[in-house]
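# A look at the structure
The lines below spell out each chain.
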Amino acid sequence: MSTSDSLEKIAHEVATCTRCPLHSTRTNPVPGEGPSNAQIMFIGEGPGFHEDRQGRPFVGASGDFLTEMLNDIGLQREEVFIANVVKCRPPGNRDPEPAEIKACREYLDRQIALINPRAIVTLGRFSMARWFPDARISQIHGKAHTFDGRVVVPFFHPAAALHQPSLRQTVMDDFRKLLTLIQTAAENQPADSDDEPEDLQQLSLF
Ligand code: URA
Ligand code: SF4
């Protein structure tokens, strides 16, 4: 990544990307959206029908549920960054192929590097697999892990709760723990290095 990288540059590259076959069936690319200094980043799977139509992440039923959960814990959608592991819609909402995820990975890597969020919440197994390749989501959801000073918390995908109402309470409980998990994990970090942006207490989210 060069020092002149930016979210706009990534979005522009995604818009003209032909690195994987998903480019040929997309209506619009969905690079992701949110503030470049977001403290929390949510990473889903890939655009669905509505996202492909609008070029924005999580704007369908899953998005409504995500927004509802965020609001429930006092966050606005606009203050978090929302992205996906693949930026173009898999036809018919099929699962993204490993080769597609691999081809798209650089964009997500660059977004994470630029935003440098305190915490990443993975939504569903495809984004979870990047940090927890062998894990089962039913066993690790809602638990915080730290990677290079950053908290990563796997959540079920919101669509799972919509398809399986018995999961709804679980997803809600995970969301309600989120801010505490992030704070606790940050407090348990070893004493700070120079690249730490600022004191946690000064961050508006906490
Ligand atoms: N599901 C996802 O994983 N991502 C979206 O952007 C929308 C639905
Ligand atoms: Fe490029 Fe990613 Fe879209 Fe594939 S999914 S065409 S790698 S932007």
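Residues numbered from 1 in each chain as written. Chains lettered and ligands numbered in written order. Predicted model: local features only at pLDDT ≥ 70, side-chain atom pairs only at ≥ 80, totals over all residues. Heavy atoms only, no water.

### Quick look at the site of ligand 1
The environment of ligand 1 is made up of G44, E45, G46, E51, P57, F58, N84 and H157. Between ligand 1 and H157 there is a distance of 2.8 Å, counted from an oxygen atom to a side-chain nitrogen or oxygen. Isolated, ligand 1 exposes 230 Å² of accessible area, and the fraction of that covered by the protein chains is 93%. Grouping the amino acids of the shell around ligand 1 by side-chain chemistry returns 2 nonpolar, 4 polar and 2 charged. (Near = heavy atom within 4 Å. Polar contact = N/O pair within 3.5 Å; in protein donor to acceptor, adjacent residues only side chain to side chain. Areas by Shrake-Rupley, 256 points an atom, 1.4 Å probe, with all protein chains shown as cover. Nonpolar A, V, L, I, M, F, W, Y, C, P; charged D, E, K, R; others polar.)

### Structural notes on the sheet that holds strand β5 (residues 150-155)
Read across the open sheet, the 5 strands follow the order β2-β1-β3-β5-β4; overall the sheet is mixed. If you trace the sheet from one side to the other, it starts and ends with β2 (81-84) and β4 (145-147), each paired once. Neighbour-to-neighbour, the strand axes of the sheet open up by a mean angle of 25 degrees, direction not taken into account. The pairing of strand β1 (residues 40-44) with strand β3 (residues 119-123) spans 4 bridges and is parallel. Residue pairing in the sheet places I40 in a bridge with A119 of β3. (Pairing = 2+ DSSP bridges. Helix = DSSP H or I, 4+ residues; strand = E, 2+ residues; numbered from the N terminus. Axes fitted to C-alpha atoms, helices over the stretch in contact; angles between N-to-C directions.)

### Notes on the packing of aromatic side chains
Aromatic ring pairs are described here by two measures, namely the spacing of the ring centres and the angle between the planes. Taken as a whole and judged by the stated rule, the model has 3 aromatic pairs. Taken together, a centroid distance of 6.1 Å and an interplanar angle of 5 degrees make the contact between F42 and F175 stacked. One end of the pair, F42, is in strand β1; the other, F175, is in helix α8 (residues 168-187), with 133 residues separating them in the sequence. Note on F132 and F147: the rings are 5.5 Å apart at their centroids and 80 degrees apart in plane angle, and the pair reads as edge-to-face. (Phe/Tyr/Trp six-rings, centres within 6.5 Å; stacked < 30°, edge-to-face > 60°.)

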